[in-house]
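# A closer look at the structure
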Amino acid sequence: MQKVISYERGLEKFRPLDDVVVYDDFDRGFNGWLDLTPNFVNEGFSQQPSRIDLGSWGPVMISNAPMRLAASSGSMEGNYSLRLATRGAAAPYEEQPAPGSMSVAIKRLSGVDPQARYIQIEAWYSYTVSQDRIGVGENDVRAIGFFFDIQDEQHRWQPTIRYVSSANGKPVHRWQLGRVQEGVSRKDWCFGLDNGWEAPGIDAIWSGRRYADGSGDGFQWVDGGEQRLVFNESPDKLNWMYFRLLVDVQNREYVELQSMDQTFDLRGIAPTLAPPYEGITNLINPVFWVETDSDRVASMYLDSVVYSTARSLNREEVR
Amino acid sequence: MLTSITTVVERRTVFSADGATIPFEAGWAAEAVFFVQAEAGHPELRLTVEISPDGLAWTPHSETRVLTTSATLAAVSASHFGTWIRLRIDGASHSQPVTLLVHLTLKG
């Protein structure tokens, strides 16, 4: 018998590693991506100890991206994307995230190949704000980002990439990666809570102290990571952009970030390792999020996402 | 087989005035049902589906259902709603707030 393998044409716009685990085009529905919610396991179905209202984030939706005065943007291919939309006003940058000021989409997976050394997420995406007032609105988006939530036999760790668009309305336009600054305690990380759920390094997207220049306890700036994404000249215009993050799970370090036509070498930088949590060993959850920097709805649109793994790198494939 | 989803548009949100659920895009769906659950001791609530061309300007699109003070769950449905949909919730006040759990079920 002669076997013939053919790939879906939509994969052509990605650069997956050897084994494609997930190829999600949101024209086919939600594909198991949903709102990130806390563990409602305590008295009254309340969440785990945290100063943050983890059940408040804006819900994800399948979107054709309709606008105020423009026609629907649709998506990069087909009609629909996965839209993450905030639902409440931001607090000042230096404070803990306000309820509803983020929208967080997660897909829950687990490891399959113990010898896989590399994991990679790729996405075609866009982002904007609601056109509820005049102006461009780029400085009303605080951040967009992605992280892998990973737990192996020894550690829980979350390689995280964050694009800071704006801090308190001032443009930043720089990439960060998740790595906790020296000397940060659990109390610092959890906004004064001694028994907070988040260990330093876990859930950096809403944990740790933040500073007016866009920095924070949970992040360090990507070397040379200044980049102007294509926000366009009006909030009703979406341009689809490419994102790729490559991680070495055996050495527990970042490898590479690609954003549009720029690639940042992250080799040798390790995310912060936390002790394992109960019941989640071998978990691998990809997570995207958007955070508003004002009282305006900020949205991130995912056209499609590919998650792939490999035991070794064929550099021609990756680059 | 149709596509369907249940999402939570308000998760224990406290309403202390007339208000509405978060604007939701559902252009792919043909039918929608809002389920409203109120914690005990709530005022009478009037529930009306609203639709919008852009997520900014809203107009009523359903009959108004009443969640009486003794009821804990009500449902309001809609079809031909275009893309943007939300539920208008009237009756809460500062002196009589209500904590609501609102599911939205979509199918299309």
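Reference entry: report on the structure contained in this document. (Residues numbered from 1 in each chain as written. Chains lettered and ligands numbered in written order. Predicted model: local features only at pLDDT ≥ 70, side-chain atom pairs only at ≥ 80, totals over all residues. Heavy atoms only, no water.)

## Some details on the interface of chain A and chain B
Put simply, the rule reads: Any two residues whose heavy atoms approach within 4.5 Å are treated as being in contact. Values labelled buried area give the accessible surface lost by two parts on being combined, using a 1.4 Å probe and summing over both. Any carboxyl oxygen of Asp or Glu within 4 Å of a side-chain nitrogen of Lys or Arg constitutes a salt bridge here. Contacts described as polar in this section are N or O atom pairs within 3.5 Å, which, within protein, must combine one atom able to donate a hydrogen with one able to accept it, while residues neighboring in sequence count only if both atoms come from side chains. Only runs of H or I of at least four residues qualify as helices and only runs of E of at least two qualify as strands under DSSP, and these elements are numbered from the N terminus. Lys, Arg, Asp and Glu make up the charged group, whereas Ala, Val, Leu, Ile, Met, Phe, Trp, Tyr, Cys and Pro make up the nonpolar group; the residues left over, Gly among them, are polar.
Tallying the contact residues gives 24 residues for chain A and 18 residues for chain B. Carbon and sulfur atoms make up 56% of the surface buried where chain A meets chain B, a total of about 1,700 Å² over both sides. Counting the surface chain A buries against chain B, the share from its top three residues, Phe30(A), Met61(A) and Arg87(A), is 28%. One can count 2 salt bridges joining chain A with chain B. For Arg87(A), the salt bridge identified is with Glu10(B), shortest N-O distance 2.7 Å. At the surface where chain A touches chain B, the tally comes to 8 residue pairs in polar contact (both at pLDDT 80 or more). Ranked by the residues each element gives to the side of chain A that touches chain B, the list is headed by strand E3 (residues 60-63) of chain A, at 4 residues. Here the side of chain A that touches chain B is built from residues that sort into 11 nonpolar, 8 polar and 5 charged.

## Points about the environment of Leu257(A)
All names here are of chain A. Keep this limit in mind: Residue burial is assigned from relative accessible area. The probe radius is 1.4 Å, only protein chains are included, and a residue is buried under 20% of its type maximum, exposed over 50%, and partly exposed in between.
You can see Leu 257 is positioned in strand E14 (residues 253-259). By relative accessible area, Leu 257 is classed as buried at 0%. Between the C-alpha atoms of Leu 257 and Glu 122, which are 135 residues apart in sequence, the distance is 9.9 Å. In this structure, Leu 257 is in contact with Ile 161, Trp 175, Phe 243, Arg 244, Gln 262, Thr 263, Phe 264 and Leu 266, ignoring residues within four places of it in sequence.

## Things to note about the layout of surface pockets
Selection rule: Cavity and pocket criteria rest on a 1 Å grid covering protein atoms alone: a 1.4 Å probe that fits but cannot get out defines a cavity, protein on both sides within 12 Å along at least 5 of 7 lines defines an open pocket, and an atom within 4 Å of a point defines a lining residue. Grid points are joined across faces, edges and corners, and a volume is the space filled by probe spheres set on the points.
Roughly 490 Å³ of internal volume is contained in the largest pocket. Lining of the largest pocket is provided by 29 residues; of these, Ser130(A), Val297(A), Ile22(B), Pro23(B) and Gly55(B) occupy positions nearest its centre. When contributions to the lining of the largest pocket are tallied by element, the ones reaching two or more residues are strand E4 (81-85), strand E7 (118-129) and strand E18 (298-310) of chain A together with strand E1 (4-15) and strand E9 (84-90) of chain B. Class assignment for the residues of the lining of the largest pocket results in 11 nonpolar, 8 polar and 10 charged.

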